[in-house]
Amino acid sequence: MSNVLLNVNGIEVIYNHVILVLKGVSMQVPEGRIVALLGGNGAGKTTTLRAVSNLLAGERGEVTKGSIELRGERIERLSTSAMVDRGVIQVMEGRHCFAHLTIEENLLTGAYTRKDGKAAVAETLEKVYTYFPRLKTRRTSQAAYTSGGEQQMCAIGRALMANPKMVLLDEPSMGLAPQIVEEVFEIVRDLNQKERTTFLLAEQNTSMALRYADYGYILENGRVVMDGEARALRDNEDVREFYLGMG
Ligand code: ATP
């Protein structure tokens, strides 16, 4: 595959030294694409994202086999902050906005690692507002008093404040009304097309994810059981039956 940004090569992940959760997962994310990681509850989607962004240690998890490469560099032993420096940012499931901060303050926390000065950060903030006009109107509202959709947008916007190359999105649709999910995915597509931001997104909402992704991997019980172009997966009978409820 040309221009592979992320290459996950047969990784095994174990939690608490004993619980084997990923049993040899391999996947590639080409630069500038949207790749979906699909599968039901507990399939291992979040764990895969954590392995890439190096958030496993906080969960007492570790990669015990295989390798993860970002543009050819081995990254599975790097710290989370080293991953941020390389432009890889994870938006966690459940959004995690700071409830007592305003939307704008939340967004600005995403820029804390940047060293290119206030003017550049202000420019990115304006750009985030052009993608998320709802956040602009809510900029002075405390996050606790904004809707679930606005909080999800705030979490993505905060990730964008770090000027990422790749955003790992964990279940962006979780708990949101279908029309808001669609709005969020439209913005993801827009960011991908205009900013060339690469997205790796974990989703249980298979039909929505396959409408926006270029390529998908389906995980079951810690293994990739199927992968392919999004359109081919949408047309695949097993996927339709088991994941799209169209059997
Ligand atoms: P969900 O959509 O429910 O988050 P998922 O596909 O993202 O599902 P994971 O969260 O990666 O799945 O979980 C995969 C398995 O790993 C599950 O059996 C889960 O119980 C287990 N697991 C996840 N985190 C931990 C942890 N910190 N310690 C021990 N086991 C964990």
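Cut-offs applied
Residues numbered from 1 in each chain as written. Predicted model: local features only at pLDDT ≥ 70, side-chain atom pairs only at ≥ 80, totals over all residues. Heavy atoms only, no water. UniProt positions renumbered as here; feature names shortened; annotations may be inferred. Core = buried A, V, L, I, M, F, W, Y, C linked by side-chain atoms within 4.5 Å. Buried < 20%, exposed > 50% of the residue type's maximum accessible area, 1.4 Å probe, protein only. Helix = DSSP H or I, 4+ residues; strand = E, 2+ residues; numbered from the N terminus. Contact = heavy atoms within 4.5 Å. Near = heavy atom within 4 Å. Polar contact = N/O pair within 3.5 Å; in protein donor to acceptor, adjacent residues only side chain to side chain. Nonpolar A, V, L, I, M, F, W, Y, C, P; charged D, E, K, R; others polar. Salt bridge = Lys/Arg side-chain N within 4 Å of Asp/Glu carboxyl O. Pairing = 2+ DSSP bridges. Phe/Tyr/Trp six-rings, centres within 6.5 Å; stacked < 30°, edge-to-face > 60°. Axes fitted to C-alpha atoms, helices over the stretch in contact; angles between N-to-C directions. Parallel < 35°, antiparallel > 145°, perpendicular 65-115°, else oblique. Left-handed = near helix turned anticlockwise from the far one by under 90°.

- The name an unreviewed UniProt entry gives the chain is ABC transporter ATP-binding protein, with Roseateles chitinivorans as the organism.
- Entered under Sequence similarities (unreviewed entry) in the UniProt record, the comment concerning the chain runs "Belongs to the ABC transporter superfamily."

1. A few points about the nonpolar core
And step 1. Membership of the largest hydrophobic core comes to 47 residues, with the highest contact counts inside it found for Leu107, Phe132, Leu135, Met161, Leu169, Phe199 and Leu201.
And step 2. The biggest single contributor to this core is helix H7 (residues 178–195), with seven residues.
And step 3. When sequence neighbours within four positions are dropped, the list of residues in contact with Phe199 reads Arg33, Ile34, Val35, Val167, Leu169, Val188, Leu191 and Asn192.
And step 4. Counting 31 residues, the second-largest nonpolar core is a separate cluster that includes Val8, Val21, Leu22 and Val29.

2. Focus on the site of the ligand
And step 1. Around the ligand there are 16 residues in total, and Asn41, Gly42, Gly44, Thr46 and Thr47 lie nearest to it.
And step 2. Contact distances for the ligand include 2.4 Å between an oxygen atom and a side-chain N or O atom of Asn41.
And step 3. Here Glu171 contributes a side-chain N or O atom positioned 3.2 Å from an oxygen atom of the ligand.
And step 4. Sorting elements by how many residues they give to the shell around the ligand places helix H1 (residues 45–53) first, with four residues.
And step 5. Of the residues assigned to the shell around the ligand, the class counts are four nonpolar, seven polar and five charged.

3. What about the pattern of salt bridges?
And step 1. A full pass over the atoms with the stated rule returns 16 salt bridges.
And step 2. The salt bridge involving Arg139 is made with Glu104; its shortest N-O contact spans 2.9 Å. Of this pair, Arg139 sits in the loop between helix H5 (133–137) and helix H6 (148–160) while Glu104 sits in helix H3 (residues 103–109), and the two are 35 residues apart along the sequence.
And step 3. Owing to a relative accessible area of 25%, Arg139 belongs among the partly exposed residues under this scheme.
And step 4. Between Glu183 and Arg134 there is a salt bridge, with the nearest N and O atoms lying 2.7 Å from each other. In this pair, Glu183 is assigned in helix H7 and Arg134 in helix H5, connecting sequence segments 49 residues apart.
And step 5. Judged by its relative accessible area of 28%, Arg134 is partly exposed.
And step 6. Taken together, the salt bridges that share partners define one network made up of Arg134, Arg138, Glu150 and Glu183.

4. Details of the pairing of strand E10 (residues 223–229)
And step 1. Sheet analysis places strand E9 (residues 215–220) next to E10, joined by six bridges and oriented antiparallel. Across the sheet, residue Tyr215 finds its bridge partner in E10, namely Glu229.
And step 2. Connecting E9 to the next strand, E10, in antiparallel fashion are two residues, including Asn221 with a positive phi near 50°.

5. Topic: the packing of aromatic side chains
And step 1. By the definition in use, this model includes two aromatic pairs.
And step 2. Ring geometry for Phe185 and Tyr212: centres 5.3 Å apart, planes at 25°, overall stacked. Of the two residues, Phe185 sits in helix H7 while Tyr212 sits in helix H8 (residues 206–212), which places them 27 residues apart along the sequence. This pair shows no difference in class: Phe185 is buried, exactly as Tyr212 is.
And step 3. Ring geometry for Tyr215 against Tyr217: centres 5.3 Å apart, planes inclined by 50°, an arrangement best described as tilted.
And step 4. Its relative accessible area of 17% is what places Tyr215 among the buried residues.

6. Some details on the packing of H6 against H7
And step 1. Running from N to C, H6 and H7 cross one another at 15°; their axes reach a closest spacing of 10 Å. Of the possible angle classes, the one that applies to H6 and H7 is roughly parallel. The crossing of H6 and H7 is right-handed. From H6, Gly149, Gln152, Met153, Ile156 and Leu160 reach across to H7, where they touch Ile180, Glu183, Val184 and Leu191.

7. With respect to the sheet that holds strand E4 (residues 61–70)
And step 1. The four strands are arranged E2-E1-E4-E5 in an open sheet whose pairing can be described as antiparallel. Of all strands in the sheet, those with a lone pairing partner are strand E2 (19–30) and strand E5 (73–74), marking the two edges.
And step 2. Contacting strand E1 (4–15), E2 and E4, H1 runs over the sheet at an angle of about 115° to E1.

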